[in-house]
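Okay, here's what each chain looks like letter by letter:
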Amino acid sequence: MLPIVQSVPGLVWAYRFHTEDGACQRFPPDIGRDDLLKAGGDFLWLHLNLADQRLATFLDTFPALPPAVVAALTTHETHASITLDDGMIYGTLVDFQREFDAGTRDIGWLHFAVCEGLIVTTRLQPLRSIDRVRASVEKNPARYRVPIDIFETIVAEFQRTMITLVLELTEELNQIEDSVYDNTSRDERRRLAPVRRTVVRLHRHLRTVLALMRRAGASDEDDMPPGFDDVAGRLTSRLEAVDHDVYALQERARLLHEEIDSKLSSETNRHLYILSLMTAFLLPPSLVTGFFGMNTSGLPLAGGGHGTFVAFCFIGLSILGAWWLLRRAGIL
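Attention in this report is confined to the structure presented alongside it.

Scoring rules and cut-offs
- Residues numbered from 1 in each chain as written.
- Predicted model: local features only at pLDDT ≥ 70, side-chain atom pairs only at ≥ 80, totals over all residues.
- Heavy atoms only, no water.
- Helix = DSSP H or I, 4+ residues; strand = E, 2+ residues; numbered from the N terminus.
- Buried < 20%, exposed > 50% of the residue type's maximum accessible area, 1.4 Å probe, protein only.
- Contact = heavy atoms within 4.5 Å.
- Salt bridge = Lys/Arg side-chain N within 4 Å of Asp/Glu carboxyl O.
- Polar contact = N/O pair within 3.5 Å; in protein donor to acceptor, adjacent residues only side chain to side chain.
- Pairing = 2+ DSSP bridges.

**Some words on the overall build of the protein**
Reasoning step 1: If you tally the helices and strands in the protein, you get eight helices and seven strands.
Reasoning step 2: A burial count over the protein gives 41% of its 332 residues as buried.
Reasoning step 3: Contacts in the protein between residues at least 24 apart in sequence constitute 67% of all its contacts with a sequence separation of at least 6.

**A look at the environment of Arg 234**
Reasoning step 1: Locating Arg 234 in the fold gives a position in helix H7 (residues 228-292).
Reasoning step 2: Judged by its relative accessible area of 42%, Arg 234 falls in the partly exposed class.
Reasoning step 3: Along the primary structure Arg 234 and Ala 156 are separated by 78 residues, whereas in three dimensions their C-alpha atoms are 9.3 Å apart.

**Points about the pattern of salt bridges**
Reasoning step 1: In this structure the tally under the stated criterion is ten salt bridges.
Reasoning step 2: Across the pair Asp 52 and Arg 54 runs a salt bridge, and its minimum N-O distance is 2.9 Å.
Reasoning step 3: Across the pair Arg 252 and Glu 177 runs a salt bridge, and its minimum N-O distance is 3.1 Å. Residue Arg 252 is found in helix H7, and its partner Glu 177 is found in helix H5 (residues 147-180); the two are separated by 75 residues along the sequence.
Reasoning step 4: Residue class for Glu 177 comes out partly exposed when judged on its relative accessible area of 25%.
Reasoning step 5: Beyond isolated ion pairs, a larger network of salt bridges with shared partners links Glu 251, Arg 254 and Glu 258.

**Some points on the side chain of Thr 92**
Reasoning step 1: In this fold, Thr 92 is placed in strand E5 (residues 88-98).
Reasoning step 2: Overall, the relative accessible area of 4% leaves Thr 92 in the buried class.
Reasoning step 3: At 2.9 Å, the side chain of Thr 92 forms a polar contact with the side chain of His 111.
Reasoning step 4: Other than its neighbours up to four places away in sequence, Thr 92 contacts His 79, Ala 80, Ser 81, Trp 109, Leu 110, His 111 and Phe 112.

**As for the pairing of strand E7 (residues 118-123)**
Reasoning step 1: Judged by how many residues are buried, E7 sits mostly within the fold: six of six residues are covered.
Reasoning step 2: Residues Leu 118, Val 120 and Thr 122 line one face of E7 and the alternating positions Ile 119, Thr 121 and Arg 123 line the opposite face, and both faces are buried.
Reasoning step 3: Two strands pair when backbone bridges link them, and strand E3 (residues 43-49) and E7 are joined in this way by six bridges, in the parallel orientation. Bridging across to E7, Leu 48 finds its partner in Thr 122.

Okay, here's the thing in structure tokens:
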């Protein structure tokens, strides 16, 4: 009878890094749990899918992962967090979801834990930045000497993704801006609204991650993993740079929204001005037609043969009189 091999639940990929020769080994998706834990090498990277309900039980088999870390890796909460405790760092990072053929602007969440000889990442949906990290590992595994290097690359790829989105949103704002300052009258608020909503959301999550990184960099050195102090400084500088770009993009979108409102207000005022002039021109003829339309006795021109023509002359004279008064008042 063949033995039952217990596979790793929710395994997306697993890498074992050998720092002496700068190589890494990728395990097959159906690798057994015992074979994975017994594999040699300097440190292990596990990327797991939260959709598998057996994940928490599997992570409990790692002695290096306390219950708080296991809870952080298996949570479905949607807010960023970074916690340092006894040489470990764990929490949740912001990322962007990825479809099969392209990336999206939908927010995703990556849960992580870094300890000695192990880094574990979990997610519910495929993410853009984490796939780029995997490609970097495949291309140049020698650059990853310790687990904290994987963490640094994950945050750096998030920053690069933010730059890509900033460039895309900048191009969209350029197109909207060209339409706003064009002579053709268009209402660009419908195009601008989703762009502003995306920029505000990006800036909110970026500021949160930046604040968490600064706070983590100022933690007690006894709680930091080896080398995290330098990593936190580099990542903070990266995030601050893109934060300035996102803030500038947010201000530009706000000013563009105000310009659109100003243009629409000017257009509305112009229409009201034209309507007021038409009312001023038509009011005197209305008085003339109202006077001659009264069914009263002794109405002038009622018995003559040219009454209608004379009434039209009165209407024309009333329009000329209204025009003269508006010109004299400086309205025209």
